[in-house]
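What follows is the residue order along each chain.
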Amino acid sequence: MDTNHSDKNKQIIATLAVLVVVVLIVIGTKVYNSGSEDIVADTTSAQTGSTNTSSDNSSSESSTGSNSSTTYKDGTYNATGTYTSPGGSQAIEVSVTVSNGTVTATSATEKASDNESQEFQEDFISGYKSLVVGKSLSSISLSRVSGSSLTSQGFNNAIEQIKEQAKA
């Protein structure tokens, strides 16, 4: 009877080991995939929020499928983009330098009204530049950067304002 009990224990242990391996594989896959989702550019449409026409230095983060035939004047343009988060109305200041229709430099300044939004904006600011610099201004529209999707809305809002300012 000890052999049967021992065999059953071995089967239970083997089954548990297999389950642990499967769980680890699933978790590892999700962690690996979430790293690649941190920076995602939406190149099909622009997301816009409410407009704020003040001109402050801030950064932008998006590539949109705007009219690519639009001509933009060279220069540095500033706008404050707004969006709504669970913490209320938020703002991000964006500055973009345009040369021959291409973004050559950008900066952003967080203007969040609560700590959580401030963290998301800081994460966004740390990861958006590579999605903007070297891109056509008309194509910029971001959907999610460094895990922040709402900040992207504010950035896109500022970019839309900048596109209007820069029209030739």
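Description of the structure in this document. (Residues numbered from 1 in each chain as written. Predicted model: local features only at pLDDT ≥ 70, side-chain atom pairs only at ≥ 80, totals over all residues. Heavy atoms only, no water.)

Before going further, it helps to examine the packing of helix α2 (residues 115-127) against helix α3 (residues 150-166). Pairs of packed helices are described in terms of their axes, by the angle between the two and the distance that separates them. Contact pair α2 / α3: the axes reach a minimum separation of 9 Å and the direction vectors enclose 65 degrees. As for the relative orientation of α2 and α3, their crossing is right-handed in sense. Residues F120, Q121 and F124 of α2 touch α3, and the partners they reach there are T151, S152 and F155. Here the contact of α2 with α3 is composed, by residue class, of three nonpolar, three polar and no charged. (Axes fitted to C-alpha atoms, helices over the stretch in contact; angles between N-to-C directions. Helix = DSSP H or I, 4+ residues; strand = E, 2+ residues; numbered from the N terminus. Left-handed = near helix turned anticlockwise from the far one by under 90°. Contact = heavy atoms within 4.5 Å. Nonpolar A, V, L, I, M, F, W, Y, C, P; charged D, E, K, R; others polar.)

Moving on, we get to the pattern of salt bridges. Counting across every chain of the model gives three salt bridges. Put simply, E160 and K163 hold a salt bridge, and the shortest N to O gap is 3.2 Å. Of this pair, E160 and K163 both sit in helix α3, three residues apart, roughly one helical turn. Note that E164 is salt-bridged to K167, the shortest N-O span being 3.0 Å. (Salt bridge = Lys/Arg side-chain N within 4 Å of Asp/Glu carboxyl O.)

The end-to-end C-alpha distance of α2, which contains 13 residues, comes to 19 Å, matching closely the 18 Å that a straight helix rising 1.5 Å per residue would cover. Among all positions in α2, only S117, Q121, F124, I125 and G127 are buried. (Expected span 1.5 Å × (residues − 1). Buried < 20%, exposed > 50% of the residue type's maximum accessible area, 1.4 Å probe, protein only.)

Turning our eyes to something else, we now look at the nonpolar core. Membership of the largest hydrophobic core comes to 23 residues, with the highest contact counts inside it found for F124, Y128, L137, L142 and F155. Within the residue set of this core, elements represented by two or more residues are β2 (75-85), β3 (88-99), β4 (102-110), α2, β5 (142-145) and α3. If one sorts the elements of this core by residue count, α3 sits on top with five residues. (Core = buried A, V, L, I, M, F, W, Y, C linked by side-chain atoms within 4.5 Å.)

Turning next to the pairing of β3. By the bridge criterion, eleven bridges tie β2 to β3 in an arrangement that is antiparallel. When the bridges of β3 are listed, Y83 appears paired with Q90. Hairpin connection between β2 and β3: a loop of two residues separates the two successive antiparallel strands. Connecting β3 to the next strand, β4, in antiparallel fashion are two residues, including N100 with a positive phi near 55 degrees. (Pairing = 2+ DSSP bridges.)

This part takes up unusual backbone geometry. Of note, the phi angle at N100 is positive, near 55 degrees, even though the residue is not glycine. As for its position among the elements, N100 is in the loop between β3 and β4. Judged by relative accessible area, which is 69%, N100 ranks as exposed. Of note, the phi angle at S146 is positive, near 50 degrees, even though the residue is not glycine. Position of S146 relative to the elements: it lies in the loop between β5 and α3.

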